[in-house]
Amino acid sequence: MKTFCGRANPTTGAMEWLEEDENYDYHQEIARSRYADMLHDKDRNVKYYQGIRAAVSRVKERGEKAIVLDIGTGTGLLSMMAASAGADFCYAVEVFKPMANAAVKIVEKNGFRDKIKVINKHSTEVTVGPDGDMQCRANILVTELFDTELIGEGALPTYEHAHKYLVQEGCEAVPHRATVYVQLVESKRMWSWNKLFPVHVEVEDGEKIIVSPSEMENCPGVPSVCDIQLNQMPSSDFTILSDVVMMFSVDFSKPVRSASTYYRVQLEPIKSGKAQIVLSWWDIDMDPSGMINCTMAPYWVKSTSAFQWRDHWMQCVYFLPNEEPVLQGEKVYLTACRDEYSVWYKLQKARGEEENKADVRVESPVCRCQAHLLWNRPRFGELNDRNRTRQYVKSLMKVLKTDSVCLCISDGSLLPVLAHYLGAKQVQSFDKNCATFLFFFKFFKANHLEDKIKIIETRPELLTSSHLEDKKISVLVGEPFFTTSLLPWHNLYFWYARTAVTSHLTSNVTVLPQSASLHMMIVEFQDLWRIRSPCGTCEGFDVQTMDDMIKNSLNFRESKEAEPHPLWEYPCKSLSDPQEVLTFDFRKTVPQHSLSAVGSVNLLRKGKSHGAVLWMEYHLAADISVSTGLMQISNEKGNCEWNPHCKQAVYFFSSVIESETLSDLPSAVTYAINFNTKTGEIAMDFKL
Ligand code: SAH
């Protein structure tokens, strides 16, 4: 059997449905999954084990048999903990078939075949009774169904159903309770991920300011959670305006309601400022006493000794619909609204309580300004990056003339507006999707540019001279940025589009950027290596079957692939100098033959070579470049600073070479990198 997978083709920019082996989907799921990260989460595992032991003994002390329901068993880990703790029987429910199969193997290998029954179903399909999946209702409910936002993976409806149909009244639950905490902050950096700040452009006759449409002001944005490694956000990048407050909590041992609702707390700001952002995280108490607590609190809230790195649970950044000035000591109300799967926030000044209550509507936020549909959070940040804009302005100024006919190829780009203000005679831009069109309609209007910039509603290969009013393009510009790009080099679609419009270019056309280069560096990760490293045993249970499964899925594709990660969130140190490995000359068309590079890169520092990081640099004009990867190596230890708005490509080495001293260093890593111009993909191989 075959399945179809949607993937953007980097040579056409279009979504294509590729036929893949039926196993492709789940190999992707497993290879990119967070199971390994969960198994490495010692703090989580130890506390679950403690909580489960305590729950089993409470039930036993009452003289009852301990019957466990483990919803979402994954590897079977929590059921095995329960069985070892003396549970009489465990029902281990897992909806994802490959995982359920793995759980069967792991349970058998660890000798729990008689104690644990794996049920490959969604919990809401599980039946209870003499002929059912479960003989009787359970009196211990164990789950780990939480995401960074706590409820995003459907924990609430799952609990609601389990209490109605699968567990006894008064059952023990591990975890017993979850609590969501919030803190109000002001942060220009984080706010820049949500609103477009005015863009100042120095032009010959003064300064132009590009503004956003008024609809953006109160726009609540999109409901998708913004989850980040908040521990990588330096304290200088935000100002704390309130204490940490408890927003709401859920008792998992009692019936749970998943229906939409809201929670409200009163806050007294500890500092005056602009309330923009609600930072949020949760903790879980594994037992009713609250003695076994597992918390996601960030570094400024908890002691560093309690620190556990994890990627499957991080922290949330919520954007208030608009920034609200608050005064120290002046009471405000913060409201958390939630539906079954997501949470969003509102802030109100203290007025009459009744008046505030009337204001609460629990409808999920809908973007009204279109910008949040067009730009994701990192893209907002990138467009608000003044330094970056300056580089583009500087280079546009170098190349634009009063008779320039300019065409822009990039998604949701402000370059056409810059080109217009910087004096191009005619400016046009491509538009691939509806959100672009709707947003730019409002945006051009807000800046009185409706008749100044034309959006061409077609694809580069279908461009005709009538689109261009029979003119030839003298300046072709791009950032390049495309929403469908997953890996850095997918933005080379710019090169393909440039090739497609070749017949419309003047013979001495200027292409900006004039070229791009692919750079590479060998690194040691502080933590990210964990997501790829085998686990072996976990709390004494043999989970090697899971390791093998992940390895098998990673090897499913013939050539291993690089994967995108925003490295500002994942510290690493460089073990080699950065090296330019390939260049792409946009002044020429895409060649027929592939581009390849073989060579070696010297290791300069001792450390563990976990993998290679790759990124693109764009050469806008003579001596003006922008990097989408390494910004700088900040000290002699090799700590790296990465572009905070872009994902870099990470290629994990299958075996890690560790060197304690410089003398036992392998002196170099050899590489072979091949850019296939037919597919737009890059294949690579490294030898240590
Ligand atoms: N319990 C394991 C794995 C947790 S990951 C551990 O702690 O290590 C959560 C798992 O729950 C995933 O494998 C997912 O497929 C499964 N899952 C989520 N909701 C479910 C539901 N309602 N019924 C059955 N399985 C579910």
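For the structure, see preceding data.
Notes on the structure in this doc start here. Residue positions are counted from 1 within each chain, in the order its sequence is given. Only residues with pLDDT of at least 70 get local features here, since the model is predicted, and only at 80 or more are side-chain atom pairs given and counted; chain-wide, interface and lining totals rely on the full set of residues. Excluded from the side-chain calculation are hydrogens and water; included are all heavy atoms of the structure.

Bringing the site of the ligand into the picture now. Taken together, 18 residues lie near the ligand, and Y35, R44, G72, E94 and S123 sit nearest. At 2.8 Å, a backbone N or O of G72 approaches a nitrogen atom of the ligand. Interatomic distance of 3.2 Å between a backbone N/O atom of V95 and a nitrogen atom of the ligand. Working definition of accessibility: Shrake-Rupley area with a 1.4 Å probe, residue cover restricted to the visible protein chains. Protein burial of the ligand: of its 580 Å² of free accessible surface, 90% is covered by the chains. A cavity here means a set of 1 Å grid points, computed over protein atoms only, where a 1.4 Å probe fits but cannot escape. A pocket is an open set with protein on both sides within 12 Å along at least 5 of 7 lines, and lining residues have an atom within 4 Å of a point. Here the criterion for a molecule occupying a pocket or cavity is that more than half of its atoms lie within 2 Å of the pocket grid points. Put simply, the ligand lies in the second largest pocket. For the shell around the ligand, the residue count by class is eight nonpolar, six polar and four charged. A cutoff of 4 Å decides nearness: a residue is near a molecule or strand if any of its heavy atoms lies inside that distance of it. N or O atoms within 3.5 Å of each other form a polar contact, as long as, within protein, one can give a hydrogen and the other can take it, and as long as residues adjacent in sequence are counted only when both atoms are side-chain atoms. Residue polarity is assigned by list, with Asp, Glu, Lys and Arg as charged and Ala, Val, Leu, Ile, Met, Phe, Trp, Tyr, Cys and Pro as nonpolar; anything else, Gly included, falls into the polar class.

Our focus in this paragraph is a positive patch on the surface. Every patch collects residues that have over 30% relative accessible area and no salt bridge, joining them within 9 Å if they carry like charges and within 5 Å if they are nonpolar side chains (Val, Leu, Ile, Met, Phe, Trp, Tyr). Note on definitions: salt bridges are taken to be side-chain nitrogens of Lys or Arg within 4 Å of carboxyl oxygens of Asp or Glu. The charge count treats Lys and Arg as positive and Asp and Glu as negative. His and the chain ends do not count. Where a charge sits is defined by one atom per residue type, namely NZ (Lys), CZ (Arg), CG (Asp) or CD (Glu). On the surface, a cluster of positive charge is contributed by K188, K274, R386, R390, K394 and K398. Elements are defined by DSSP. Helices are runs of H or I of four residues or more, strands are runs of E of two residues or more, and each kind is numbered from the N terminus. Here the element with the most residues in the positive patch is helix α11 (residues 386–399); it accounts for four residues. Among the structural elements, R386 can be located in helix α11. Between buried and exposed lies partly exposed: a residue is buried under 20% and exposed over 50% of the maximum accessible area for its type, with that area taken using a 1.4 Å probe on protein chains only. By relative accessible area, which is 53% here, R386 ends up exposed.

Burial analysis of strand β15 (residues 273–285) places 12 of its 13 residues in the buried class, the great majority of the element. As defined by bridge partners, strand β8 (residues 177–186) adjoins β15 across nine bridges and the pair is classed as antiparallel. What sits directly across from T179, in β15, is D283. Strands are treated as partners if at least two bridges between them are detected by DSSP. As paired elements, β15 and strand β17 (residues 315–326) share seven bridges and run antiparallel to each other. Looking across to β17, one finds that K274 is bridged to P325. Where β15 and strand β16 (residues 293–295) come together, three bridges link them in antiparallel fashion. Its bridge partner being in β16, D283 is matched across the sheet by T295.

Grid points are joined across faces, edges and corners, and a volume is the space filled by probe spheres set on the points. When its volume is computed, the second largest pocket comes out at roughly 830 Å³. Residue lining of the second largest pocket: 33 residues in total, with Y35, E94, E144, L145 and E153 positioned closest to the centre. Those elements that place two or more of their residues in the lining of the second largest pocket are α2 (35–39), α4 (77–84) and α6 (155–165). Each residue belonging to the lining of the second largest pocket can be placed in one class, and the counts come to 15 nonpolar, 11 polar and seven charged.

Under the counting rule described, the total for this entry stands at eight cavities of 30 Å³ or more. By volume, the largest cavity is sized at about 110 Å³. Along its surface, the largest cavity is lined by V199, E382, L383, R388, T389, Y392, L414, L415, L418 and E479. When residues of the lining of the largest cavity are traced back to their parent elements, those giving at least two are α10 (377–383), α11 and α12 (415–421). Here the residues of the lining of the largest cavity sort into six nonpolar, one polar and three charged.

Pairs of aromatic rings are described using the distance from one ring centre to the other and the angle between the two planes. Each pair of aromatic rings taken from Phe, Tyr and Trp, with Trp reduced to its six-membered ring, is defined by centres within 6.5 Å and is described as stacked if the planes are under 30 degrees apart, edge-to-face if over 60, and tilted in the remaining cases. The final tally for this structure, using the stated rule, is 31 aromatic pairs. Considering the side-chain rings of F112 and F541, the 6.1 Å spacing of their centres and the 55° angle between planes classify their relative orientation as tilted. In this pair, F112 sits in the loop between α5 (97–109) and β5 (116–119) while F541 sits in strand β27 (residues 541–542), placing the two residues 429 residues apart along the sequence. Here the two residues F112 and F541 agree in accessibility, since each one is buried. Each member of the aromatic cluster is reached from another via a ring pair, and the members are W375, F380, F439, F440, F443 and F444. Placement of a charge over a ring requires the Lys NZ or Arg CZ to be within 6 Å of the ring centre, with the centre-to-atom vector within 35 degrees of the ring normal. Seen from the ring of Y49, R53 lies directly overhead, with NZ or CZ sitting 3.9 Å from the centre. Of note, R189 hangs over the ring of W568, and the distance from its end group to the ring centre comes to 4.6 Å.

Moving on to the environment of D41. By the element assignment, D41 lies in the loop between α2 and α3 (42–61). Relative accessible area serves as the criterion here: at 0%, D41 is assigned to the buried category. By the convention used here, residues are in contact when the closest approach between their heavy atoms is within 4.5 Å. Beyond its immediate stretch of four places on either side in the chain, D41 contacts Q308, R310, H312 and W313. One polar contact links D41 to R310, side chain to side chain, over a distance of 2.5 Å.

L69, F146, L334 and Y345 are the most contacted members of the largest nonpolar core, which has 113 residues in total. At seven residues, the largest contribution of residues to this core is made by β15. F146 has contacts with Y48, E153, A155, Y159, P175, F252, W282, I284 and W313, leaving out every residue within four places of it along the chain. Counting residues in each nonpolar core, the second largest holds 93 residues, with C219, I473, L492 and W495 among its members. In these notes, a set of buried Ala, Val, Leu, Ile, Met, Phe, Trp, Tyr and Cys residues joined through side-chain atoms within 4.5 Å is what counts as a nonpolar core.

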